[in-house]
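Examination of the molecular architecture
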Amino acid sequence: KTKVAVFASGTGSNFEALMDKVELESLDYCVALLVCDKPGALVLNKAAKYQVPVFVFDPKQYNFKSEFEQKIVKELQNRHIDWIVLAGYMRLIGPTLLTPFQSKIINIHPSLLPSFPGKDAVGQALATGVKVTGVTIHFVDEGMDTGKIIEQESLRIHEKESRESLQQRLQSIEHRLFPKIIQSLISSDNKEGAFLNEKESTT
Ligand code: GAR
């Protein structure tokens, strides 16, 4: 199976949704590592529950992003990780990590990008008064929520909807959409790889 590392900083409800799906269905991938930049984050308890190995670090203990990213890359390579899935990892990815994982890092974001990138997309949508928002899954580049869009699902905001309600409705879209899109990306990438190998061996 293709090995995926999930990166998360917070509660880990997306991590949990991914794990539930991976355990219930026969997919082309497994979650082989959780990378977390917040010692004490709730997502770490969830990793323990599913017995997923974790790599936790505290960015404050490093002078440069490249230093902790080098450690992450080493950890990913030791574990033969092929894909990185950002599930609430609230940090920009630098070239140290981007270069060896080119086109293999995806992110989920609770807005219809390019609207409301960065932190608190739900609050930004409510403050602006838009009537429609949604969820975006995209490839990660060096920018803030700027990479090529893979999938989006929209959601109509109710009259006077509370933040909690909107957040919860967006998250239930995320929990359904993310495992499905990861599966389809990885299975088509694996098929493409097999096709190229076959072509190479017959020419
Ligand atoms: C998710 O809603 C995710 O889309 C968002 O953080 C939340 C993490 O929740 N990510 C971003 O805003 C990225 N810019 P979770 O820890 O419960 O999965």
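Going by the annotation in an unreviewed UniProt entry, the name recorded for the protein chain is Phosphoribosylglycinamide formyltransferase, with Aquibacillus halophilus given as the source organism.

Things to note about the site of the ligand
As a matter of local geometry, the ligand sits amid 13 residues, with Gly12, Ser13, Asn14, His109 and Glu174 nearest to it. In this structure, asparagine 14 approaches the ligand through a main-chain N or O atom, which is 2.9 Å from an oxygen atom. In this structure, an oxygen atom belonging to the ligand sits 3.2 Å away from a side-chain N or O atom of glutamine 171. Protein contact buries 89% of the 450 Å² of open area that the ligand shows by itself. Classifying every residue of the shell around the ligand gives 3 nonpolar, 8 polar and 2 charged.

Digging into the nonpolar core
Phe15, Leu34 and Phe178 are the most contacted members of the largest nonpolar core, which totals 40 residues. For this core, the element with the highest residue contribution is helix α6 (residues 163–202), accounting for 9 residues. For leucine 34, the contacting residues outside a window of four places in its chain are Val6, Ala8, Phe15, Val43, Leu44, Ala47, Val52, Pro53, Val54 and Phe55. With 21 residues, the next largest nonpolar core counts Ala32, Leu33, Leu76 and Tyr89 among its residues.

A closer look at the UniProt feature "binding site: (6R)-10-formyltetrahydrofolate" (unreviewed entry) in the protein chain
In the numbering adopted here, UniProt assigns the feature "binding site: (6R)-10-formyltetrahydrofolate" (unreviewed entry) to Lys65, Met90, Arg91, Leu92, Ile93 and Asn107. Owing to a relative accessible area of 29%, arginine 91 belongs among the partly exposed residues under this scheme. A polar contact of 2.8 Å, which involves the side chain of arginine 91, links it to the side chain of aspartate 37. Locating isoleucine 93 in the fold gives a position in the loop between β4 (83–86) and α4 (95–98). Once residues within four sequence positions are removed from consideration, isoleucine 93 is found in contact with Lys65, Glu69, Leu86, Leu98, Ile105, Val140 and Glu142.

A look at the sheet that holds strand β1 (residues 2–8)
Strand order in the open sheet made by the 7 strands is β3-β2-β1-β4-β5-β6-β7, with mixed pairing throughout. In this open sheet, the two strands that pair with only one neighbour each are β3 (54–56) and β7 (149–156). Averaged over all pairs of adjacent strands, the angle between their axes in this sheet comes to 20°, without regard to strand direction. Most of the contacts of helix α2 (residues 42–49) go to strand β2 (residues 29–36), to which it runs at about 145°, and overall it touches β1, β2 and β3.

What about the packing of helix α1 (residues 13–24) against α2?
It is at 9 Å that the axes of α1 and α2 come closest, and there the two elements cross at 15°. Taken together, the axes of α1 and α2 are roughly parallel relative to one another. Remark: the crossing between α1 and α2 carries right-handed chirality. Here Ser13, Phe15 and Glu16 of α1 come into contact with α2, specifically with Val43, Lys46, Ala47 and Lys49. The residue makeup of the contact of α1 with α2, split by class, is 3 nonpolar, 1 polar and 3 charged.

A few points about α1
Residues three or four positions apart in an α-helix share a direction because the helix packs 3.6 residues into each turn. For α1, built from 12 residues, the straight-helix expectation of 16 Å at 1.5 Å per residue is met to within 8% by its first-to-last C-alpha distance of 17 Å. Within α1 the residues assigned to the buried category are Ser13, Asn14, Phe15, Glu16, Ala17, Leu18, Met19 and Val22.

Side note on the side chain of threonine 2
Within the element layout of this structure, threonine 2 appears in strand β1. Using a relative accessible area of 7% as the deciding quantity, one classes threonine 2 as buried. Among the polar contacts listed, one links the side chain of threonine 2 to the side chain of asparagine 190, at a separation of 3.0 Å. When sequence neighbours within four positions are dropped, the list of residues in contact with threonine 2 reads Asp28, Tyr29, Cys30, Asp82, Trp83, Ile186 and Asn190.

Thoughts on the pairing of β2
Counting buried residues along β2, 7 of its 8 residues qualify, which places the element largely inside the surrounding structure. Both β1 and β2 contribute to a ladder of 7 bridges, which runs parallel. Residue valine 6 lies in a different strand from β2, and its bridge partner there is leucine 34. The parallel pair β1 and β2 is bridged by α1, and the resulting crossover is right-handed. In this sheet, β3 lies alongside β2 in parallel orientation, the contact comprising 3 bridges. Residue pairing for β3: leucine 34 is matched across the bridge by valine 54. The β-α-β motif built from β2, the intervening α2 and the parallel element β3 has right-handed crossover chirality.

Definitions and limits used
Residues numbered from 1 in each chain as written. Predicted model: local features only at pLDDT ≥ 70, side-chain atom pairs only at ≥ 80, totals over all residues. Heavy atoms only, no water. Near = heavy atom within 4 Å. Polar contact = N/O pair within 3.5 Å; in protein donor to acceptor, adjacent residues only side chain to side chain. Areas by Shrake-Rupley, 256 points an atom, 1.4 Å probe, with all protein chains shown as cover. Nonpolar A, V, L, I, M, F, W, Y, C, P; charged D, E, K, R; others polar. Core = buried A, V, L, I, M, F, W, Y, C linked by side-chain atoms within 4.5 Å. Buried < 20%, exposed > 50% of the residue type's maximum accessible area, 1.4 Å probe, protein only. Helix = DSSP H or I, 4+ residues; strand = E, 2+ residues; numbered from the N terminus. Contact = heavy atoms within 4.5 Å. UniProt positions renumbered as here; feature names shortened; annotations may be inferred. Pairing = 2+ DSSP bridges. Axes fitted to C-alpha atoms, helices over the stretch in contact; angles between N-to-C directions. Parallel < 35°, antiparallel > 145°, perpendicular 65-115°, else oblique. Left-handed = near helix turned anticlockwise from the far one by under 90°. Expected span 1.5 Å × (residues − 1). Right-handed = clockwise from strand over helix to strand, strands pointing away.

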